[in-house]
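Here's the letter readout for the chains.
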Amino acid sequence: RIQYSSRSREELTERWVSPQRLICYRDNWYLDAWCHLREALRTFALDRMHVAELGEQALDVPDVQLDAHAIHSYGIFAGQGANAAVLHFSNEVSRWVADEQWHPAQQSRHIGNGRWELVVPYGDPTELIRDILKFGPEAEVISPPELRAQVTEQLSQALRQYRKLKKV
């Protein structure tokens, strides 16, 4: 039994979980567990757990099912990778992007003028958007249109914030 507050909804919930795997990802620890409330595999950030108590014997989820839970997603956000992001990177950053692995099933290629194309499967776009934004004007979302719109909105919000005149 755990008491958990997710970052997306600052509410405390009680969950009965069957722990499966501990994962260290980008300097944070996560628990992949079968959530009996949601009746599905979920990923919980350890630093968001407020109480953890032992209870009944945990359900054992087969490794194949655990692997399938994460392989189609992007980053720590699990879910079916029903989408594929097509990203183009400028000549200035293509050398770095070409050496990075964003996802085990990514595809990439040179597209001329030193530019690089990266195709990445994803489900939840949250972390992917953050990774795209870190390249600023050196990255462009080609498709899908929904992801391009989300990145455009994030960039627009940032620009509006920087354009505000703040009185000190």
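Worth saying up front: this structure is predicted, and the values here are computed from it rather than measured.

Calculation rules
Residues numbered from 1 in each chain as written. Predicted model: local features only at pLDDT ≥ 70, side-chain atom pairs only at ≥ 80, totals over all residues. Heavy atoms only, no water. Core = buried A, V, L, I, M, F, W, Y, C linked by side-chain atoms within 4.5 Å. Buried < 20%, exposed > 50% of the residue type's maximum accessible area, 1.4 Å probe, protein only. Helix = DSSP H or I, 4+ residues; strand = E, 2+ residues; numbered from the N terminus. Contact = heavy atoms within 4.5 Å. Pairing = 2+ DSSP bridges. Axes fitted to C-alpha atoms, helices over the stretch in contact; angles between N-to-C directions. Parallel < 35°, antiparallel > 145°, perpendicular 65-115°, else oblique. Left-handed = near helix turned anticlockwise from the far one by under 90°. Nonpolar A, V, L, I, M, F, W, Y, C, P; charged D, E, K, R; others polar. Phe/Tyr/Trp six-rings, centres within 6.5 Å; stacked < 30°, edge-to-face > 60°.

Quick notes on the nonpolar core
Here comes step 1: The biggest cluster of nonpolar side chains holds 18 residues, and the ones touching the most others in it are Leu87, Phe89, Val97, Trp102, Leu128, Ile132 and Leu147.
Here comes step 2: Those elements giving two or more residues to this core turn out to be β7 (83–89), α2 (91–99), β9 (115–122), α3 (126–133), β10 (139–143) and α4 (145–163).
Here comes step 3: Tallying contributions element by element places β9 first for this core, with four residues.
Here comes step 4: Beyond its immediate stretch of four places on either side in the chain, Leu87 contacts Trp102, Trp116, Glu117, Leu118, Leu128, Ile132, Glu140 and Val141.
Here comes step 5: Val17, Tyr30, Leu31 and Phe44 belong to the second largest nonpolar core, which has 10 residues in total.

Overview of the sheet that holds strand β6 (residues 49–52)
Here comes step 1: Taken together, three strands build an open sheet; the order of strands is β2-β1-β6 and the sheet is antiparallel. At either end of the open sheet lies a strand with only one pairing partner, and these are β2 (12–15) and β6. Sheet twist, expressed as the average angle between the axes of neighbouring strands with direction ignored, equals 20 degrees.
Here comes step 2: Sheet analysis places strand β1 (residues 2–5) next to β2, joined by four bridges and oriented antiparallel. What sits directly across from Tyr4, in β2, is Thr13.

Considerations on the packing of α3 against α4
Here comes step 1: Closest axis-to-axis distance for the α3/α4 pair is 10 Å, and the angle between their directions is 60 degrees. The angle between α3 and α4 falls in the class oblique. As for the relative orientation of α3 and α4, their crossing is right-handed in sense. Each of Leu128, Ile129, Ile132 and Leu133 in α3 lies in contact with α4, whose residues at this interface are Leu147, Gln150, Val151, Gln154 and Leu155.
Here comes step 2: Of the residues that constitute the contact of α3 with α4, the class distribution is seven nonpolar, two polar and no charged.

Details of the packing of aromatic side chains
Here comes step 1: Tallied over the entire structure, the rule returns four aromatic pairs.
Here comes step 2: Between the aromatic rings of Phe89 and Phe135, the centroid separation amounts to 5.3 Å while the plane-to-plane angle is 75 degrees, which identifies the pairing as edge-to-face. Residue Phe89 is found in strand β7, and its partner Phe135 is found in the loop between α3 and β10; the two are separated by 46 residues along the sequence. The residues Phe89 and Phe135 share a single accessibility class, namely buried.
Here comes step 3: Among the aromatic residues, those joined into a cluster by ring pairs are Phe89, Trp102 and Phe135.

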